[in-house]
Amino acid sequence: MSTRPALLLLASLLAAPCALAADYLPDPELVDRSIAQQPEVRAAAARVQAARAQARMQALGSHEFEVSGVQQQRKVEDMPGIDNYREWELQVSRRLRLPGKARLDNAIGQYGLEAADLRQQDAQHQAARHLAQRWMGWLRAAAVAEEAERQYASLLRERDALRRRVELGDAAHKDLDLMEVELAQAEAQRLAADSTQHSARRAMAIDFPLLPLPEHPPALPEPDALPESDAVWIGRIVDRSHEIGALAKVAEQQEAVAARARADRFPDPSLGLRVLNDRGGAESVIGVVLSVPIGGRYRRAVGAAEAAEASARHDDTAIMAREIAREAELAVREAGSTVMQWRAMLAARTASTAASTRQRRGWELGELGLSEWLLAERNSRQISLAEIMARADAVEARLRVLVDSHELWHTVD
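Report follows, based on the coordinates. Numbering of residues begins from 1 in every chain and follows the order in which that chain's sequence is written. The predicted nature of this model means local features are confined to residues of pLDDT at least 70 and side-chain atom pairs, given and counted, to a pLDDT of 80 or more, with totals for whole chains, interfaces and linings taken over all residues. In computing side-chain properties, one takes all heavy atoms of the structure into account and sets aside hydrogens as well as water.

## A short note on the packing of aromatic side chains
Any two of the Phe, Tyr and Trp rings considered here, Trp counted by its six-membered ring, make a pair once their centres fall within 6.5 Å; the pair's planes then place it as stacked at under 30 degrees, edge-to-face at over 60, or tilted in between. Applying the stated rule across the entire model yields 1 aromatic pair. With 5.3 Å between their ring centres and 75 degrees between their planes, Trp135 and Trp138 make a pair best called edge-to-face. Taken together, the residues Trp135 and Trp138, both in helix α4 (residues 101–167) and 3 residues apart, mark about one turn of the helix. As far as burial versus exposure is concerned, Trp135 and Trp138 are alike and both buried. Our definition puts a charge over a ring when NZ of Lys or CZ of Arg is within 6 Å of the ring centre and also within 35 degrees of the ring normal. In this structure, Arg236 packs its charged tip against the face of Trp233, placed 4.6 Å from the ring centre. Looking at Arg360, its charged tip hangs above the ring of Trp373, at a distance of 6.0 Å from the centre. In this text, helices come from DSSP runs of H or I with a minimum length of four residues, and strands from runs of E with a minimum of two, each type numbered from the N-terminal end. A 1.4 Å probe rolled over the protein chains alone gives each residue an accessible area, and that area as a share of the maximum for its type sets the label: buried under 20%, exposed over 50%, partly exposed in between.

Structure representation (structure tokens):
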């Protein structure tokens, strides 16, 4: 294979995951803007700023200068007389971090910042999933409402034609009664579909107010199987999961916290300068003060608790990885199975439409009763609606995989 065809093939494979995302999805720039303005995403961004400040706090340390002072009046009674003296004492001290503790504090802050950043990206991911769900709910409801309107209009034409035949004496009035019942049922279905469509549109507008909705929703495309193997898509979803990454960073942070607790078994000393003025200035003292706490069983217990918590955090990460892997496999398998289900429903719709047409022809020729054709027509209408639902399920299942694998609506990645 020459170089140019190979490059073209590679480019087509890279573009294949998003090939379905051309016509029926909203503008990507509007999607990015809408996702960025979601309250959950803004809150996660604020927590990143808080984590950045906490990382600075960890790097600087909590030890600060302490100033203490004493002023007193000394009264000395002696045989010759009584003397009063003003005396004062001033001390400035600061606790010092022992070597190695600053490195652990920096690591704790950095892991916290990285975890917060991953949580922000996960908030964007969850917003993208929510958008996909709302958008597909609207398209599904709109497609069902359009089909219900088409079915009602078709029955309405049949009812009008049958009414003229009854007036001309070419059909029985009981047939018109049956048609009126069928038309009433279709109208009830149409009204219910319209209500569902309106609710889905309002839910979309409320949850994503910055994403303008077109007056007429785009039509559902014909679903197709995902390119590449299921294992590739499952691997992408797991490898790019922000939830797993955030928990892994939290576990690493907790390990650093445990190491810091073990280091605190040797407490930080306090070093200070002390100045005294006694007997009204007759005596003055300048000295260095060193204070070292004595670690005991409490500090050992703290270290053991933090180490156990670190182990639990790693187990939490493993649990999340297992859940994400399971959900990824189910989502990818569903994307494939729903396409096959839709194809079966499409074949059923084609067959039921043909059967209903033959039944109608038989009724027109007097070979069948109206009730037989209406039964076939009712089955055909139900299968048509089921085909639309299967089509929407297949499109949504594929869209979910594209979003979960970060192939769509993830500009951060």
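## A few points about the packing of helix α8 (residues 297–364) against helix α9 (residues 370–404)
Where α8 meets α9, the axes come as close as 7 Å, and the angle between the chain directions of the two elements is 160 degrees. Put simply, α8 runs roughly antiparallel to α9. Here the hand of the crossing between α8 and α9 comes out left-handed. Where helices are involved, their axes are fitted lines through C-alpha atoms of the stretch in contact, as for all axes, and angles between N-to-C directions lie from 0 to 180°. Small angles under 35 degrees read as roughly parallel and large ones over 145 as roughly antiparallel, with 65 to 115 read as roughly perpendicular and the rest as oblique. Helix crossings get a hand from a simple test, with the near helix turned counterclockwise from the far one by less than a right angle marking a left-handed crossing and a clockwise turn marking a right-handed one.

## Remarks on a nonpolar patch on the surface
There is a patch of nonpolar side chains on the surface, built from Leu96, Leu271, Leu273, Ile286, Val288, Leu290 and Val292 and spanning about 700 Å² of accessible area. Secondary structure elements with two or more residues in the nonpolar patch: β3 (270–278) and β4 (283–291). Assignment of secondary structure puts Leu273 in strand β3. Residue classification places Leu273 among the partly exposed positions, given a relative accessible area of 44%. Like charges are joined within 9 Å and nonpolar side chains (Val, Leu, Ile, Met, Phe, Trp, Tyr) within 5 Å, but only among residues with over 30% relative accessible area and no salt bridge; these make up the patches. Note that accessible areas follow from Shrake-Rupley with a 1.4 Å probe, and for residues the cover is restricted to the protein chains shown. Salt bridges are identified by distance alone: a Lys or Arg side-chain nitrogen within 4 Å of an Asp or Glu carboxyl oxygen.

## Let's talk about the environment of Ser241
As for its position among the elements, Ser241 is in the loop between α6 (230–239) and α7 (242–263). A C-alpha to C-alpha distance of 60 Å links Ser241 and Glu89, two positions 152 residues apart in sequence.

## A look at the packing of helix α3 (residues 39–60) against α4
At a minimum axis distance of 8 Å, the contact between α3 and α4 shows a crossing angle of 175 degrees. The orientation of α3 with respect to α4, classified from their angle, is roughly antiparallel. Residue polarity follows a fixed list, in which Ala, Val, Leu, Ile, Met, Phe, Trp, Tyr, Cys and Pro are nonpolar, Asp, Glu, Lys and Arg are charged, and the others, Gly among them, are polar. Considered class by class, the residues forming the contact of α3 with α4 number 12 nonpolar, 7 polar and 6 charged.

## Here we look at the nonpolar core
Residues belong to one nonpolar core when they are buried, are Ala, Val, Leu, Ile, Met, Phe, Trp, Tyr or Cys, and are joined through side-chain atoms within 4.5 Å. Counting 49 residues, the largest nonpolar core has Trp135, Met136, Leu399, Val401 and Trp409 as its most contacted members. No other element matches α4, which puts 14 residues into this core. Non-local contacts of Val401, meaning those with residues more than four positions away in its chain, are made with Leu226, Trp233, Ile237, Ala331, Val332 and Ala335. Core analysis: the next-biggest nonpolar cluster, separate from the first, contains 13 residues, Tyr152, Leu176, Ala186 and Trp373 among them. The contact definition used throughout considers only heavy atoms, calling two residues in contact when any of these lie within 4.5 Å.

## Here we look at helix α5 (residues 173–207)
Take the residue count of a helix, subtract one, and multiply by 1.5 Å to get its expected span. Taking 1.5 Å of rise per residue, the 35 residues of α5 would be expected to cover 51 Å, and the 51 Å separating its terminal C-alpha atoms lies within 8% of that figure. If you check which residues of α5 are buried, you get Asp175, Leu176, Met179, Glu182, Leu183, Ala186, Arg190, Ala193, Ala200, Ala203 and Met204. Residues of α5 that are buried make contact with α4, α8 and α9.

## Thoughts on unusual backbone geometry
The phi dihedral of His406 is positive, around 65 degrees, even though this residue is not glycine. Looking at where His406 falls in the secondary structure, it is placed in the segment after α9. Under the relative-accessibility criterion, His406 is labelled buried at 8%. Its identity is not glycine, yet Trp409 carries a phi of approximately 65 degrees, on the positive side. Of the residues examined, Trp409 reaches a relative accessible area of 10% and is grouped as buried.

## A look at helix α2 (residues 28–36)
Residues of α2 that are buried: Val31, Ser34 and Ile35. Buried residues in α2, looked at end-on, bunch into an arc of 95 degrees, giving them a common side. The opening residue of α2, the one whose side-chain oxygen lies 3.0 Å from the backbone nitrogen of Glu29, is Asp27. The arc under discussion is defined with respect to the helix axis, by the directions toward the C-beta atoms. Any pair of nitrogen or oxygen atoms within 3.5 Å is treated as a polar contact; in protein, a donor-acceptor pairing is required on top of that, and neighbouring residues in sequence qualify only through side-chain atoms on both sides.

## Side note on the side chain of Glu158
Turning to its location among the elements, Glu158 is positioned in helix α4. By relative accessible area, Glu158 is classed as buried at 14%.

## Here we look at the pattern of salt bridges
For the structure on display, the rule yields 33 salt bridges. Between Glu182 and Arg378 there is a salt bridge, with the nearest N and O atoms lying 2.7 Å from each other. Of the two residues, Glu182 sits in helix α5 while Arg378 sits in helix α9, which places them 196 residues apart along the sequence. Taking the relative accessible area as the measure of exposure, Arg378 reaches 27% and is therefore partly exposed. Because the salt bridges share partners, they merge into one network encompassing Arg97, Lys101, Asp105, Arg260, Asp264 and Asp268.

## Topic: the environment of Arg163
On the secondary structure map, Arg163 appears in helix α4. Each C-alpha atom of the pair Arg163 and Gly61 lies 89 Å from the other, and the pair is 102 residues apart in sequence. Sequence-distant contacts of Arg163, that is, excluding residues within four places in its chain, are made with Leu176 and Glu180.

## Quick notes on the side chain of Gln151
Here Gln151 lies in helix α4. Look at Gln151 and you get buried, because its relative accessible area is 3%. When sequence neighbours within four positions are dropped, the list of residues in contact with Gln151 reads Gln189, Arg381, Ser384 and Leu385.

## Points about the environment of Ile324
Examined against the element boundaries, Ile324 turns out to sit in helix α8. C-alpha of Ile324 to C-alpha of Gly281: the two residues are 43 residues apart in sequence and 75 Å apart in space. The contact partners of Ile324, leaving out residues within four places of it in the chain, are Ile237, Val238, Ser241, Glu243 and Ile244.

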